[in-house]
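Here's the letter readout for the chains.
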Amino acid sequence: MSTKVEESQALIDELLEVYPEKTKKFRKKHFQIADEETIESGKCSIKSNIKSRPGVMTIRGCAYAGSKGVVWGPIKDMIHISHGPVGCGQYSWGTRRNYANGKLGINNFTAMQITSDFQERDIVFGGDKKLEALCREVKEMFPLAKGISIQSECPVGLIGDDIEAVGKKMTNELGIPVIPVRCEGFRGVSQSLGHHIANDTIRDHVMGTRELAESGPYDVAIIGDYNIGGDAWASRILLEEIGLRVIAQWSGDGSINELGITHKSKLNLIHCYRSMNYMATTLEEKYGIPWMEYNFFGPTKTIESLRAIAAHFDETIQENAERVIAKYQLEMDEIIQKYRPRLEGKKVMLIIGGLRARHTIGAYEDLGMKIVATGYEFAHKDDYEKTLSELHDGTILYDDPTAYDIEFLSDKLDIDLMGAGVKEKYVYHKLGIPFRQMHSWDYSGPYHGFDGFKVFAKDMDTAINSPVWDLLAAPY
Ligand code: ICS
């Protein structure tokens, strides 16, 4: 065992000391220290995708969040009904920054919150009739909406409403797909099952239902880019520049038609593996469409990915890719020259959903920064295995960490930057530790592609090197 691994292990042992015996035993399994052997083999023993322990703070969301908020919500030309009491729709309204082009109320409904606003009588007598009335109302008010999804909240499942029957009846009556999604929040252990359920409903209700007017040899689909702060746009530019035709975006700035024509794609490009690997594999099984993962965070990974994508096509695309890389290289070098001296050696800790805790590492490293600890809220075993190769000897990896876990580690590791979500942000401000929101990009972005790296580098610099950190000392 190297000294670094030993030090990290001692830190985790010390951290766990605070927990009662049973909790300690449970939480212990959610940590792993990367060492040469595991980095090499990718073998991860960390426990993941299991129920959070009651009583410890977790950062996770629910199945409804994974379906309505993540997968279905960004499909812009549909109405997504938050079906149940008003709170779930209200509190998830506009909280994820999935940008979309179009005219509000005409061909873009993403900024709206439509709810069936369950009352006591709906719980007692059932809400199916109300749901039907709501679907008719939606059709009347927004005749151009291309479909409706019914995003079930917990009580809908508890009272046993038959939203499938409503979906069928309304699809026939209204002439647009009305898709029931059983994403009640109580299902599963995190938003992750919501992704899966949403993927399954796309498979059952939309996949393969539309025709692409004209097929081409360079047709690809972007799968698992939600256009947070314009990420999918910054990615699409590059794919088009190398000569590919993006026929669909899943689901940031996407439409139901794009979902329905993706079976005509020649190669599916997966950015967020965690939330959409199900569709990539389904499209492969059913239509034989190959897929590959890529990573557009930071120039090193973007360049690697562009080459790997181009390798699936002919020499024209491969030459284009080299030309595009050369075109941006100078600009990327200049950004690195400018920011790297200001960020070199800075220690970063991350805790993010199911993908970015590994995908953003390269972007930090391009700036000379070092990830000392990272982990996910709801990732699965395969995500952890993919993460190990991105780590260094002694890096701490955690699953579903508690508030105490991350505060303890950020203090002991004496980090220079924390990257997490809004629930952590203000705690870290109060601790006097520079912080960036790695979900919403702190209302900045995009961070994908070459355009995104410019913004990313500047944001990390302003966060860390802001003079405010010298003006205050946390009193504790
Ligand atoms: Fe995928 Mo926040 Fe994505 Fe990932 Fe997913 Fe969520 Fe966000 Fe985070 C997501 S789909 S909402 S890349 S856009 S559920 S930032 S796994 S937790 S790391």
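The structure reproduced in this document is the subject of the present report. (Residues numbered from 1 in each chain as written. Predicted model: local features only at pLDDT ≥ 70, side-chain atom pairs only at ≥ 80, totals over all residues. Heavy atoms only, no water.)

Here we look at the overall build of the chain
Of regular secondary structure, the chain possesses 22 helices and 14 strands. Here the chain has a C-alpha radius of gyration of 23 Å; the compact-globule value for 476 residues is 23 Å, and the two agree. Along the three orthogonal principal directions, the C-alpha set of the chain runs to about 65 × 60 × 45 Å. Contacts in the chain between residues far apart in sequence, at least 24 positions, make up 73% of those at least 6 positions apart. With an accessible surface of roughly 20,000 Å², the chain has 54% of that area assigned to carbon and sulfur atoms. Across the chain, 56 positive and 68 negative side-chain charges occur, with their mean positions spaced 4 Å apart. (Helix = DSSP H or I, 4+ residues; strand = E, 2+ residues; numbered from the N terminus. Rg over C-alpha atoms; globule rule 2.2 N^0.38 Å. Contact = heavy atoms within 4.5 Å. Areas by Shrake-Rupley, 256 points an atom, 1.4 Å probe, with all protein chains shown as cover. Lys, Arg positive; Asp, Glu negative; His and termini not counted. Charge placed at Lys NZ, Arg CZ, Asp CG, Glu CD.)

A few points about the site of the ligand
Every one of the 14 residues lining the ligand counts as a neighbour, but R96, H195, C272, R356 and H439 are closest to it. Its residues placed into classes, the shell around the ligand shows seven nonpolar, five polar and two charged. (Near = heavy atom within 4 Å. Nonpolar A, V, L, I, M, F, W, Y, C, P; charged D, E, K, R; others polar.)

As for the sheet that holds strand β7 (residues 245–251)
Pairing is parallel across the open sheet formed by four strands, whose spatial order is β7-β6-β8-β9. Of all the strands in the sheet, just β7 and β9 (291–293) have a single pairing partner and so form its edges. Within this sheet the neighbouring strands show an average axis-to-axis angle of 20°, counted without direction. Note that strand β6 (residues 219–225) and strand β8 (residues 267–270) share four bridges and pair parallel. The partner of V220 across the bridge, within β8, is L267. (Pairing = 2+ DSSP bridges. Axes fitted to C-alpha atoms, helices over the stretch in contact; angles between N-to-C directions.)

A closer look at the nonpolar core
Ranked by size, the top nonpolar core spans 93 residues in total, and within it W72, W250, I309, Y364, M369, F456 and M460 carry the most contacts. The greatest single-element share of this core, amounting to 10 residues, is contributed by helix α15 (residues 315–343). Ignoring anything within four residues of it in the chain, the contact list for M369 reads L343, K346, V348, Y364, L417, M460 and I464. Grouped together as the second largest cluster of nonpolar side chains are 26 residues, L15, F31, I59 and I396 included. (Core = buried A, V, L, I, M, F, W, Y, C linked by side-chain atoms within 4.5 Å. Buried < 20%, exposed > 50% of the residue type's maximum accessible area, 1.4 Å probe, protein only.)

Some remarks on the packing of helix α11 (residues 231–241) against α15
Contact pair α11 / α15: the axes reach a minimum separation of 9 Å and the direction vectors enclose 130°. As judged from the angle between their axes, α11 and α15 are oblique. Across the interface between the two elements, I237, L238 and E241 from α11 touch N320, R323, V324, K327 and Y328 from α15. Residue composition of the contact of α11 with α15, by class: four nonpolar, one polar and three charged. (Parallel < 35°, antiparallel > 145°, perpendicular 65-115°, else oblique.)

Notes on the pairing of strand β13 (residues 417–420)
Residue alternation in β13 divides its side chains into two sets, L417 and G419 and M418 and A420, and both sets are buried. Note: strand β10 (residues 347–350) against β13, three bridges, orientation parallel. The partner of V348 across the bridge, within β13, is L417. Note that β13 and strand β14 (residues 435–437) share three bridges and pair parallel.

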